[in-house]
Amino acid sequence: MMNVTENAFKDEVLNNAGVVLVDFWAPWCGPCRMVGPILEQIAQDQGDRLKVAKVNVDENQRLASEYGVMSIPTMIIFKDGQIVDRFVGALPKKAIEERLERFL
């Protein structure tokens, strides 16, 4: 799992040939802290099929605005640089994996 800034977003997410789960979060957000370890586990389990990136909305406000992030955590799934799914809130691991599985 990697932290992605506005400068690296294009290279790490939009130009990626494959599936990238981007977690828009902030350190002060309780649900974000709950979902963090789940995403770490998914990144470890699915690392050969999927990239997991985190975007701190406080440090990357332009990206959050560009992608219409109004509540956090917001997770957006990109496939080959295109948005294919998005969901808001701290979902359980199984629910996140089910959302991802359609695109892997």
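Given the structure is predicted, the values throughout are model-derived calculations rather than measurements.

Chemist: Which residues make up the packing of aromatic side chains, and what values do they have?
Modeler: Tallied over the full model, the rule gives 4 aromatic pairs. Ring geometry for F9 versus Y67: centroids 5.4 Å apart, planes at 45°, classification tilted. Separated by 58 residues along the polypeptide, F9 in helix α1 (residues 6-14) and Y67 in the loop between α3 (61-66) and β4 (74-79) bring together distant segments of the chain. Taking relative accessible area as the criterion, F9 reaches 3% and is therefore assigned buried. Residue Y67 is classed as buried on the basis of its relative accessible area of 12%. When the centroid spacing of 6.3 Å and the interplanar angle of 40° are considered together, the rings of F24 and Y67 count as tilted. Of this pair, F24 sits in strand β2 (residues 19-25) while Y67 sits in the loop between α3 and β4, placing them 43 residues apart in sequence. With a relative accessible area of 0%, F24 lands in the buried category.

Chemist: Give a detailed account of the side chain of D85, specifying residues and quantitative values.
Modeler: Counting through the fold element by element, D85 comes out in strand β5 (residues 82-88). What makes D85 buried here is its relative accessible area of 11%. Within polar-contact distance, the side chain of D85 engages the side chain of R99 at 2.9 Å. Ignoring anything within four residues of it in the chain, the contact list for D85 reads M75, I76, I77, R99, R102 and F103.

Chemist: Which residues make up the environment of V52, and what values go with them?
Modeler: With respect to the helices and strands, the residue V52 is situated in strand β3 (residues 50-56). The class of V52 is buried, set by a relative accessible area of 3%. Leaving out residues up to four positions away in the same chain, V52 has contacts with M1, M2, L21, L39 and A43.

Chemist: For the pairing of β2, give the residues involved together with the corresponding values.
Modeler: Most of β2 is tucked away: 7 of the 7 residues are buried. Going residue by residue along β2, you find V19, L21, D23 and W25 tucked away on one face and V20, V22 and F24 tucked away on the opposite face as well. Note that β2 and β3 share 7 bridges and pair parallel. Across the sheet, V22 pairs through a bridge with A53, a residue of β3. In terms of handedness, the path from β2 via helix α2 (residues 30-46) over to β3 forms a crossover that is right-handed. Strand direction decides the pairing type here: β2 and β4, joined by 6 bridges, are antiparallel. Bridge assignment links D23 to a residue of β4, and that residue is M75.

Calculation notes
Residues numbered from 1 in each chain as written. Predicted model: local features only at pLDDT ≥ 70, side-chain atom pairs only at ≥ 80, totals over all residues. Heavy atoms only, no water. Phe/Tyr/Trp six-rings, centres within 6.5 Å; stacked < 30°, edge-to-face > 60°. Helix = DSSP H or I, 4+ residues; strand = E, 2+ residues; numbered from the N terminus. Buried < 20%, exposed > 50% of the residue type's maximum accessible area, 1.4 Å probe, protein only. Polar contact = N/O pair within 3.5 Å; in protein donor to acceptor, adjacent residues only side chain to side chain. Contact = heavy atoms within 4.5 Å. Pairing = 2+ DSSP bridges. Right-handed = clockwise from strand over helix to strand, strands pointing away.

Any functional reading would require information beyond the geometric quantities listed.
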